[in-house]
Amino acid sequence: MAMLLVAAAPAFPAQPLDSNKPASTIVDSNIREEEALSKTEAGKVISAIDRTRDNIGTVRKTTKLDTVDIVFLTDAARSEGGPPPAIENKVKQHQDDVAELRQEIEANALLFNAIDSRRVLAEDVLAVEFDNPGKIVIYAAAKPPK
């Protein structure tokens, strides 16, 4: 009987270890990373934090993306003292929404795997921005893995 079940099961092969697919791809989404300073990205980050409440629902519904951009705000990492006051104050102003956003990212397999693959903790995510229907930018107060 077990042989019949195995034979009847649809063929969904796992990605082989010697796959030619780049490690920068997760669930058909291209994962890109960029390093930036929080002072040069502050306007974008603050604007994205202001839209966190709207973006939570979009994160919740996201199942496919063409591109996931992770922007490492290296000077805002905990090891560097955390985000600058302007960003930190905005995070505190929206702390409940930011906490909910982080929970939604952890609950979203695509987004969680994207940040996890770059060793970003959900608690380091400051904001997200949906540039267009197939692209998300994740701002993280973290340094890229070495």
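Below: a short report on this structure. (Residues numbered from 1 in each chain as written. Predicted model: local features only at pLDDT ≥ 70, side-chain atom pairs only at ≥ 80, totals over all residues. Heavy atoms only, no water.)

1. Details of the pattern of salt bridges
Part 1 of the reasoning: If you walk through the whole model with that rule in mind, you get 15 salt bridges.
Part 2 of the reasoning: Ionic pairing is found between D50 and K90, a salt bridge with its closest N-O pair at 3.1 Å. Of this pair, D50 sits in helix α2 (residues 38-50) while K90 is found in helix α4 (residues 85-93), placing the two residues 40 residues apart along the sequence.
Part 3 of the reasoning: A residue is classified by how much of its surface remains accessible, and D50, at 39% relative accessible area, is partly exposed.
Part 4 of the reasoning: Between K135 and D69 there is a salt bridge, with its nearest N and O atoms 3.2 Å apart. Here D69 lies in strand β3 (residues 67-73) and K135 lies in strand β5 (residues 135-140), a separation of 66 residues in the sequence. In this structure, K135 and D69 share a single accessibility class: buried.
Part 5 of the reasoning: In the salt-bridge network here, residues are joined through shared partners; they are R53, R60, D97, E100 and E104. (Salt bridge = Lys/Arg side-chain N within 4 Å of Asp/Glu carboxyl O. Helix = DSSP H or I, 4+ residues; strand = E, 2+ residues; numbered from the N terminus. Buried < 20%, exposed > 50% of the residue type's maximum accessible area, 1.4 Å probe, protein only.)

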